[in-house]
Amino acid sequence: MKTLEPDVKILELAIKSSGRPDIVVSIPESGNPKGTWFTLKEASRYRMKFTFQVSNNIVSGLQYSNTVWKTGVKVDNTKEMLGTFSPQLETYTHEMPEETTPSGIFARGSYSAKTKFVDDDNKCYLEIYYCFNIKKEWQLNMRNLECHALSFGTEFSS
């Protein structure tokens, strides 16, 4: 009898910041999001929350990693062990520790990032490249098209 490989589907990402509605972004089926995926306010405190589903078999040691670049320079690298999860019909959620966006004139602007979810066997369930902005104020329209093509140059070879 063949053992089924675990399958993890990352369904959405939410950015939670006290005193304002969550920014909820769906993971695109067709690959990487086009344009700017979301905008954050400088010096704001926020938490990332992932919603995902596990099917077929237990996924062991699911890990999240996120690398951020600004103008080709790596400015942040986060890794977090999410845990081991059994298959179930209900979705799982995981909330990251609170972080604060940088502030000041040099912190504002467009950033490029790579988010990846892998397990103990180094099986990759999602690898997505995207852009986001940090601005002086929160934006009403989250879909600004300010991510320039050069943001996705050689900086992703980490």
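The paragraphs below set out a description of the structure included in this document. (Residues numbered from 1 in each chain as written. Predicted model: local features only at pLDDT ≥ 70, side-chain atom pairs only at ≥ 80, totals over all residues. Heavy atoms only, no water.)

Re unusual backbone geometry
Next, step 1: The phi torsion at Thr71 lies on the positive side, around 45 degrees, for a residue other than glycine.
Next, step 2: Tracing the backbone through its elements, the reader meets Thr71 in the loop between β5 (59-70) and β6 (73-85).
Next, step 3: Phi is positive for Asn122, which is not a glycine, with a value near 65 degrees.
Next, step 4: Checked against the element boundaries, Asn122 lands in the loop between β9 (109-118) and β10 (124-135).
Next, step 5: Since its relative accessible area comes to 60%, Asn122 is described here as exposed. (Helix = DSSP H or I, 4+ residues; strand = E, 2+ residues; numbered from the N terminus. Buried < 20%, exposed > 50% of the residue type's maximum accessible area, 1.4 Å probe, protein only.)

Brief notes about the packing of aromatic side chains
Here a ring pair, both rings aromatic, is described through the centre-centre distance and the interplanar angle of the planes.
Next, step 1: Counted under the stated rule, the structure contains twelve aromatic pairs.
Next, step 2: Through successive ring pairs, a cluster of aromatic residues spans Trp37, Phe38, Tyr111, Tyr130 and Phe132. (Phe/Tyr/Trp six-rings, centres within 6.5 Å; stacked < 30°, edge-to-face > 60°.)

Considerations on the pattern of salt bridges
Next, step 1: Under the criterion given, the structure shown has seven salt bridges.
Next, step 2: Between Glu95 and Lys16 there is a salt bridge, with the nearest N and O atoms lying 3.5 Å from each other. Highlighted residues: Glu95 in strand β7 (residues 92-95) and Lys16 in strand β1 (residues 7-16), separated in sequence by 79 residues.
Next, step 3: We classify Lys16 as partly exposed; its relative accessible area is 26%.
Next, step 4: Between Arg45 and Glu98 there is a salt bridge, with the nearest N and O atoms lying 2.6 Å from each other. Of this pair, Arg45 sits in strand β4 (residues 45-55) while Glu98 sits in the loop between β7 and β8 (99-100), placing them 53 residues apart in sequence. (Salt bridge = Lys/Arg side-chain N within 4 Å of Asp/Glu carboxyl O.)

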